Amino acid sequence: MNKISIIIKREYLTRIKKKSFLVMTFLGPILIASLWIIPFFLALNSETQSKVLVVDETIFEKGESKSSLYLNNFKNTEDLRFEYGYDINEAQIKLENGEYDAVLEIVNTNDMPPIKGFLFYSDNEPSLSAQQNIRNQLTEVLKNYVLTYDYGMNAKDLAWFNDPKIGFYSKDIRSGENSYKEIKTVLGTISGFLIYMFIFIFGAQVMKSVSEEKTNRIVEVLISSIKPIQLLMGKIIALALVGLTQFVLWVCLSGLLITGLQTIYPQKFSPVQKENITLNERVISVDKLDNFSNETEKVSQITQGLFSINYVLIIGMFLFYFMAGYFLYASLFGAVGALMDVDTDAQQFTLPITIPLILAMVCFPIILNNPSGNVAFWMSIIPLTAPMVMMMRIPFGVPIWEIALSMSLMIIFIAGAIWFAAKIYRTGILMYGKNITYKEIWKWFKYNN
Amino acid sequence: MAIFSAKNVSKTYAHHKALDSVSIDVERGSVFGLLGPNGAGKTTLIRIINQITAPDEGEILFNGEKLNLSHVHNIGYLPEERGLYKKMKVGEQAIYLAELKGIKKAEAKKRLEYWFEKFDILSWWDRKVEELSKGMQQKVQFITTVLHEPELLIFDEPFSGFDPVNTNLLKAEILELKSKGATIIFSTHNMESVEEICDSIALLNRSKKILDGKVTEIKQRFKQNEFEIVIPKDYNIKDLLIEGSELINSEVYYQTQVSRLKIEHGKNADLLSNILKQTDIISYKEVLPSMNQIFIQTVSNE
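Residues numbered from 1 in each chain as written. Chains lettered and ligands numbered in written order. Predicted model: local features only at pLDDT ≥ 70, side-chain atom pairs only at ≥ 80, totals over all residues. Heavy atoms only, no water.

Some details on the overall build of chain A
Consideration 1: Across its full length, chain A carries 18 helices and six strands.
Consideration 2: Counting only residues that meet the buried cut, chain A has 50% of its 449 residues in that class.
Consideration 3: Long-range contacts, defined here as pairs at least 24 residues apart, represent 76% of the contacts in chain A between residues at least 6 apart.
Consideration 4: For chain A, the accessible area works out to roughly 22000 Å², and carbon and sulfur atoms hold 62% of it. (Helix = DSSP H or I, 4+ residues; strand = E, 2+ residues; numbered from the N terminus. Buried < 20%, exposed > 50% of the residue type's maximum accessible area, 1.4 Å probe, protein only. Contact = heavy atoms within 4.5 Å. Areas by Shrake-Rupley, 256 points an atom, 1.4 Å probe, with all protein chains shown as cover.)

So, in structure tokens, the structure goes:
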């Protein structure tokens, strides 16, 4: 054990001190920050006009005729055109048909004034300017109502008018649950892609490091002091730590960079942050709505809906598949590294390893399109593609038994891969100037130690 | 007492038998030569001693105990194919290799300074290995092999790639290590160095041991009863021979005639007295076969 730690220390420090590590550490956050900021600029300037159907359920008796507070009171803008309806089921069909881009449902909560229970249904997240616009118009209508009917306002109500909080949720109009399809897609893609990148970059480094020791001829000296499996595992663990270090540095530096940008250009980024960026913000806005008056069922459902994405599960699963995928592939890459030599071409052996990795990437759209379909199911069970594919599926919800099956298979496969890699590794590293074939590798299994 | 012994060790790779029931004993404090043509199984045996690979059959004893991982610290190994991390600094690398042999960092540093000074390479401590000449790298490798003061040292073809100056330096170091009590196994093709530094040898050929023993004994065993005699050139050796002796070759050097004779056992005295009756004998000595001759003769007789 002590010797493994000596190996880990050397491998880790050598890599941390490399220039490329430094470059990647500083380039990464810039890339992340730009990925973070660009969408906001795009969201600020949505170009096409969206058709919004306002479904008003707050029709109330006013004298002898029925009236609505909101009917015909929204002004069309460059971005938004408002039309009106009364039946939410009808609106659902129209939204599905594509007649409208979004539905604004004003739920009858029997409150006076009716200033809570606004639901915004749309397949896509409404642009920021659209959100702001709708907010302003709702506030305007309510102000007029209050002024006209001399509704007795208390301090809380006034506070609301000064800083109106209206939640926007991309809801599945059919189930009534918050689907957050976009957020889920983004979460799934990012985590799947991160795992893919990590496996590829650091797996390839394990391979390179093994083959370097072999072509350097230092490996024979090393394995006269330690067992080959210790050397290989030390290397794999060290590179995992390097990866994690880089990852943590990225997160910290990106955070710093984004905070820095917000401080320097508050007018550009602050409203974005205030009203949209995080889900937490949205929870707060709903909470404020709740405080405004008595709880109603519908609003509390929205709050629950926000937690329909299980972040603890996602982070836990991400860490598991991140590490599991890396250990699986790193051992295989290590074995291939042991087959490489200056004189011989071992590129052929990297192919069987990279194919499943690339396949998982190629299937990203299929899986995101139907996260519980057959392709997604099988690819998230088969250990070679599971780390990437399961992470894409998890934000959409995966049955526990599938996760359990996938994780168990993963662990069994890792043990198998390490055993397999160790066998190839200890024979391969001492094999020079020989063209190694698959048949030859098979023979090595019969070797005794 | 033997520091190391292998008993009936066999090792088979797929379809190729690398070692076939080989037994050797290495005496403590001796220099043991492991000889044999390419592919005879020397490297396999060395790797078994280093526990890089395990034998299929047979028993390996180190200091009377069954060979196990704790012995790694008592063995130093300089493989034939040797190398260092090219991008790593010399000093750092030497400390790393020492740590793997179970030496604490501070102690390793102390010992390294002694050796670096001895080999006059202290100024290279912070240089990267790739900046070093091949000879320098070999010195570093030698140091890392002996630094943990192992009881048993294994050198696989230590002189290959060394220039004559470094070869001599290395020979001197090997003999010094021996005088300090270390046991050395070394595998080589270089028969001259075998004569110079080996106490005993084992000769492997086609995975079998075909000859072993002390170098002096083996030479006696293979001697052909050949002698070299030098007499003044005025006399012809042919005229002085008696029955039971025959001339192999003869040459005139300045004032002398140098001849090689084959003399039957027990005829020496008769021959010498016969010669002395007529002329002086300037020198007379037995000619033992060189290890090179024995090697070639034994291997080609197989």
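Still to come is the rest of the account.
Remarks on the interface of chain A and chain B
Reports often express the size of an interface as the amount of accessible area lost when the parts come together.
Consideration 1: Facing the 25 residues of chain A at the interface are 30 residues of chain B.
Consideration 2: Summed over both partners, the interface of chain A with chain B buries about 2600 Å², with 57% contributed by carbon and sulfur atoms.
Consideration 3: The largest per-residue losses of area from chain A upon contact with chain B belong to Arg10, Glu220 and Ser224 of chain A, which jointly make up 22% of the total buried on that side.
Consideration 4: Here chain A and chain B share one salt bridge between them.
Consideration 5: Across the pair Glu220 of chain A and Arg47 of chain B runs a salt bridge whose closest N-O atoms are separated by 3.0 Å.
Consideration 6: Counting across the chain A and chain B interface gives eight residue pairs in polar contact (both at pLDDT 80 or more). (Buried area = accessible area lost by both parts, 1.4 Å probe. Salt bridge = Lys/Arg side-chain N within 4 Å of Asp/Glu carboxyl O. Polar contact = N/O pair within 3.5 Å; in protein donor to acceptor, adjacent residues only side chain to side chain.)

Looking at the sheet that holds strand β2 (residues 16-27) of chain B
Residue and element names in this part refer to chain B.
Consideration 1: Pairing in this open sheet of four strands is antiparallel, and the strands run β2-β1-β4-β5 from one edge to the other. Unpaired on one side and paired on the other, β2 and β5 (65-66) mark the two borders of the sheet.
Consideration 2: In the sheet, strand β4 (residues 57-62) pairs with β5 via two bridges, with the strands oriented antiparallel. Bridge assignment links Leu61 to a residue of β5, and that residue is Lys66.
Consideration 3: Together, β1 (2-13), β2 and β4 form the strand contacts of helix α1 (residues 42-49), whose direction differs from that of β2 by roughly 60 degrees. (Pairing = 2+ DSSP bridges. Axes fitted to C-alpha atoms, helices over the stretch in contact; angles between N-to-C directions.)

Digging into the confidence of the model for chain A
Residues and elements named next belong to chain A.
Consideration 1: Residues of chain A with pLDDT of at least 70 account for 68%, and the chain-wide mean is 75.
Consideration 2: Ranking the elements of chain A by mean pLDDT puts helix α10 (residues 279-292) last, at 37, and helix α17 (residues 400-428) first, at 92.
Consideration 3: Low confidence marks residues 173-177, where pLDDT is under 50. Its contacts with residues over four positions away, or in another chain, come to nine contacts.
Consideration 4: Contacts of residues 269-307 to residues separated by more than four positions or lying in other chains number 74 contacts, the stretch itself having pLDDT below 50. (pLDDT = per-residue confidence, 0-100.)

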